[in-house]
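The residues making up each chain are set out below.
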Amino acid sequence: QVQLVESGGGLVQAGGSLRLSCAASGSIRSINAMGWYRQAPEKQRELVAGITRGFSRKYADSVKGRFTISRDNAKNTVYLQMNSLKPEDTAVYYCAAGTGTGFLFSSWGQGTQVTVSS
């Protein structure tokens, strides 16, 4: 089993920045991709960003140029640097991990709230 724990969420003003962290434990040797999903009330969950063990990256169009995903394989940790935050970025952000090829995820963290005020 893979366990994921997110941290770094909070309340920020529009235009501000926030950095999320996700630490993996358990069967970490099986992890390929790690990433971040978000879900706002009454909206569909969406993939924000993903990164494979080989550092291939994928971003949602809505966050390109503002968010950066990175990964420290030695620490089994993935990060999401969020800049130029907008109120529409407000959501619960979930860390995810997968063991297969590409951006497929099977393990999930508990979520961390990000709120951007206008």
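Visitor: Any chance you could explain the sheet that holds strand S8 (residues 77-82) here in plain terms?
Guide: As a general point, the strands of a sheet are linked pairwise by backbone hydrogen bonds and lie either parallel or antiparallel. Sheet architecture is open: four strands sit in the order S1-S3-S8-S7, paired in antiparallel fashion. Two strands bound the open sheet, and with one partner strand each, they are strand S1 (2-7) and strand S7 (67-72). The average undirected angle you get between the axes of adjacent strands in this sheet is 15°. Inspection of the sheet shows S7 paired to S8 by six bridges, in the antiparallel sense. Bridge assignment links Asp-72 to a residue of S8, and that residue is Thr-77.

Visitor: Would you explain the packing of aromatic side chains in this entry?
Guide: What characterises a pair of aromatic rings is the spacing of the ring centres plus the angle enclosed by the ring planes. The tally for this structure, following the rule as stated, stands at two aromatic pairs. Measuring from centroid to centroid gives 5.7 Å for Tyr-37 and Phe-105, while their planes differ by 90°, and the two rings are edge-to-face. In this pair, Tyr-37 is assigned in strand S4 (residues 34-39) and Phe-105 in the loop between strand S9 (91-97) and strand S10 (107-108), connecting sequence segments 68 residues apart. Its relative accessible area of 15% is what places Phe-105 among the buried residues. A ring pair is formed by Tyr-37 and Trp-108, whose centres lie 4.9 Å apart and whose planes are at 65°; its orientation type is edge-to-face. One end of the pair, Tyr-37, is in strand S4; the other, Trp-108, is in strand S10, with 71 residues separating them in the sequence. In this structure Tyr-37 comes out as buried when scored by relative accessible area, which is 16%. The rings of Tyr-37, Phe-105 and Trp-108 are connected pair by pair, giving a single aromatic cluster. Here the basic side chain of Arg-19 rests over the ring of Tyr-79, its NZ or CZ set 4.1 Å away from the ring centre. When the ring centre of Tyr-94 is taken as origin, the NZ or CZ atom of Arg-45, which lies over that ring, is 4.5 Å away.

Visitor: Looking at this structure, how should I read the nonpolar core?
Guide: In summary, soluble globular proteins display a tendency toward joint burial of nonpolar side chains. Of all hydrophobic cores here, the largest spans 28 residues; its most connected members are Met-34, Trp-36, Leu-80, Met-82 and Tyr-93. Only S1, strand S3 (18-26), S4, strand S5 (46-51), S7, S8, S9 and strand S11 (112-117) provide two or more residues apiece to this core. Other than its neighbours up to four places away in sequence, Tyr-93 contacts Glu-6, Leu-20, Trp-36, Tyr-37, Arg-38, Val-48, Phe-67, Leu-80, Met-82, Gly-111, Thr-112 and Val-114. The next biggest cluster of nonpolar side chains, apart from the first, holds five residues, and it includes Ala-33, Tyr-37, Ala-96 and Phe-105.

Conventions and cut-offs
Residues numbered from 1 in each chain as written. Predicted model: local features only at pLDDT ≥ 70, side-chain atom pairs only at ≥ 80, totals over all residues. Heavy atoms only, no water. Pairing = 2+ DSSP bridges. Helix = DSSP H or I, 4+ residues; strand = E, 2+ residues; numbered from the N terminus. Axes fitted to C-alpha atoms, helices over the stretch in contact; angles between N-to-C directions. Phe/Tyr/Trp six-rings, centres within 6.5 Å; stacked < 30°, edge-to-face > 60°. Buried < 20%, exposed > 50% of the residue type's maximum accessible area, 1.4 Å probe, protein only. Lys NZ or Arg CZ within 6 Å of the ring centre and 35° of its normal. Core = buried A, V, L, I, M, F, W, Y, C linked by side-chain atoms within 4.5 Å. Contact = heavy atoms within 4.5 Å.

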